[in-house]
Amino acid sequence: MRGILKVLLTGVVVLVAVAAVAFKYWEYVTNPWTRDGQVRANVIQVAPRVSGPIVKLAVVDNQFVHAGDLLFEIDPRTYKAALDQASAKLDETRDDLKDLEQRVKAAEAALDQSISQIKQAESAVKSAEAESVRALADFERASRLVQKGDISKRNFDQTKAANDVAQADLDKAHSRLIQSRAAKLQAEAELARSKADLGAPGEENAQLRGAKAALETAKLNLEFTQVKASVDGYVTNLNLRLGSQAVTNQPALALVDVN
């Protein structure tokens, strides 16, 4: 009988010892320490991405929260207005780009018209030159004949007038050609200016990309008014109150990461 008691007592002592060792091991794993110091939990400082007064406080100190839970909300009205303004600016930019595209098309049409006018003016110059040569030849022949008395003074005067008209028409044709060439240069300059104002076509346009980026920034800033937990953990160092001013990148509270 005594032998059985000794065996039972020994078994109990062994079980107690094993349990004590297991408890110490678990405690060491969950709360490691050394003689120099104890390992602290991972504390995450929560700082807002935007500034503004706090209009909603969704947690209390030492409360457990899950990742994605709302901690507090910053007054979103200013950021909603900025979002509306950025959206309107994007619409305005699209309208401006459409107007610039029409300007480019109009400048291209004006350039085509000036090229056509140059061709017409060159053709008119050739016709005027031919008429001028013929009228000058008639005038020179009439000048010789009138000296001999072979034609009347009236016929000579008509020939002289026809020559004067032909020379004037030639001068006008040259003038129109010069004007047409100048109009072509002006049309080319306007086309280059319109293309420069428009920039790259389609979605690659710098003005359009800038307006889209501003809109995306406004959307993000509005989202940042809701400050949410990044990890599962406990809220600590909560000193916020409704109406408190949250400041960009300034820690407002802390989270003790349970993981």
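Before going into details, it helps to say that this report is about the structure given with it. Just so we're clear, the structure is a prediction, and the values are computed from it rather than from any experiment.

**So, the sheet that holds strand E6 (residues 233-236)**
Taken together, the four strands give an open sheet; going across it, the order is E1-E8-E6-E3, and neighbouring strands pair in antiparallel fashion. Two strands lie at the open edges of the sheet, namely strand E1 (43-46) and strand E3 (64-65), each paired on one side alone.

**Observations concerning a negative patch on the surface**
Residues Asp91, Glu92, Asp95, Asp96 and Asp99 make up a contiguous surface patch of negative charge. By the secondary structure assignment, Glu92 is in helix H2 (residues 77-148).

**Some words on the nonpolar core**
The biggest cluster of nonpolar side chains holds 35 residues, and the ones touching the most others in it are Val65, Leu71, Phe72, Val235, Leu240, Leu253 and Leu255. Mapped onto this core, the elements with two or more residues apiece are strand E4 (70-74), H2, helix H3 (153-198), helix H4 (206-223) and strand E8 (253-257). Broken down by element, this core gets its largest block of residues, nine residues, from H2. Excluding its chain neighbours within four sequence positions, the residues that come into contact with Leu253 are Ile44, Gln45, Val46, Leu71, Phe72, Val235, Thr236, Asn237, Leu238 and Leu240. In terms of nonpolar packing, the next biggest core, distinct from the first, is built from seven residues, Ala121, Val125, Leu170 and Leu177 among them.

**Considering the pattern of salt bridges**
The full count for this structure, using the stated rule, is twelve salt bridges. A salt bridge links Arg181 to Glu122, with the nearest nitrogen and oxygen atoms 3.6 Å apart. You can see Arg181 sitting in helix H3 and its partner Glu122 sitting in helix H2, a full 59 residues away along the chain. For Arg181, a relative accessible area of 43% translates into the label partly exposed. Given the relative accessible area of 32%, Glu122 is considered partly exposed. A salt bridge links Asp157 to Lys153; its shortest N-O distance comes to 2.9 Å.

**What about the sheet that holds strand E5 (residues 226-228)?**
What the four strands build is an open sheet, ordered E5-E4-E2-E7; its pairing is antiparallel. A single partner strand is all that each edge strand has here, and the edge strands are E5 and strand E7 (245-246). Here strand E2 (residues 52-57) pairs with E7 via two bridges, running antiparallel. By the bridge assignment for E7, Pro53 is matched with Gln245.

**Topic: a nonpolar patch on the surface**
Taken together, Phe64, Tyr234 and Val258 make up a surface patch of nonpolar side chains, about 260 Å² in accessible area. For Tyr234, a relative accessible area of 40% gives the class partly exposed.

**So, unusual backbone geometry**
Residues other than glycine seldom take positive phi values, yet Asn237 does so here, at roughly 55°. Relative to the assigned elements, Asn237 resides in the loop between E6 and E7. In the Ramachandran plot, Asn249 falls in the positive-phi region, its phi being about 65° despite a non-glycine side chain. Secondary-structure assignment places Asn249 in the loop between E7 and E8.

**Concerning the packing of H2 against H3**
At their nearest, the axes of H2 and H3 sit 6 Å apart, and the two run at 160° to each other. Regarding the angle of H2 to H3, the classification is roughly antiparallel. Like other packed secondary-structure pairs, H2 and H3 cross with a definite hand, here left-handed. Classifying every residue of the contact of H2 with H3 by side-chain character gives 27 nonpolar, ten polar and 17 charged.

**Observations concerning the packing of H2 against H4**
H4 packs onto H2 with a crossing angle of 165° between their chain directions and a minimal axis gap of 8 Å. On the basis of the axis angle, H2 is roughly antiparallel to H4. Read as a crossing pair, H2 and H4 show a hand that is left-handed. The segment H2 lies against H4, with Tyr79, Lys80, Ala82, Leu83, Ala86, Ser87, Leu90, Thr93, Arg94, Leu97 and Leu100 engaging Gln207, Leu208, Ala211, Lys212, Ala214, Leu215, Ala218, Lys219, Asn221 and Leu222.

Here is what the cut-offs are and how they apply
- Residues numbered from 1 in each chain as written.
- Predicted model: local features only at pLDDT ≥ 70, side-chain atom pairs only at ≥ 80, totals over all residues.
- Heavy atoms only, no water.
- Pairing = 2+ DSSP bridges.
- Helix = DSSP H or I, 4+ residues; strand = E, 2+ residues; numbered from the N terminus.
- Patch = residues over 30% accessible without salt bridge, like charges linked within 9 Å, V, L, I, M, F, W, Y side chains within 5 Å.
- Areas by Shrake-Rupley, 256 points an atom, 1.4 Å probe, with all protein chains shown as cover.
- Salt bridge = Lys/Arg side-chain N within 4 Å of Asp/Glu carboxyl O.
- Lys, Arg positive; Asp, Glu negative; His and termini not counted.
- Charge placed at Lys NZ, Arg CZ, Asp CG, Glu CD.
- Core = buried A, V, L, I, M, F, W, Y, C linked by side-chain atoms within 4.5 Å.
- Buried < 20%, exposed > 50% of the residue type's maximum accessible area, 1.4 Å probe, protein only.
- Contact = heavy atoms within 4.5 Å.
- Axes fitted to C-alpha atoms, helices over the stretch in contact; angles between N-to-C directions.
- Parallel < 35°, antiparallel > 145°, perpendicular 65-115°, else oblique.
- Left-handed = near helix turned anticlockwise from the far one by under 90°.
- Nonpolar A, V, L, I, M, F, W, Y, C, P; charged D, E, K, R; others polar.

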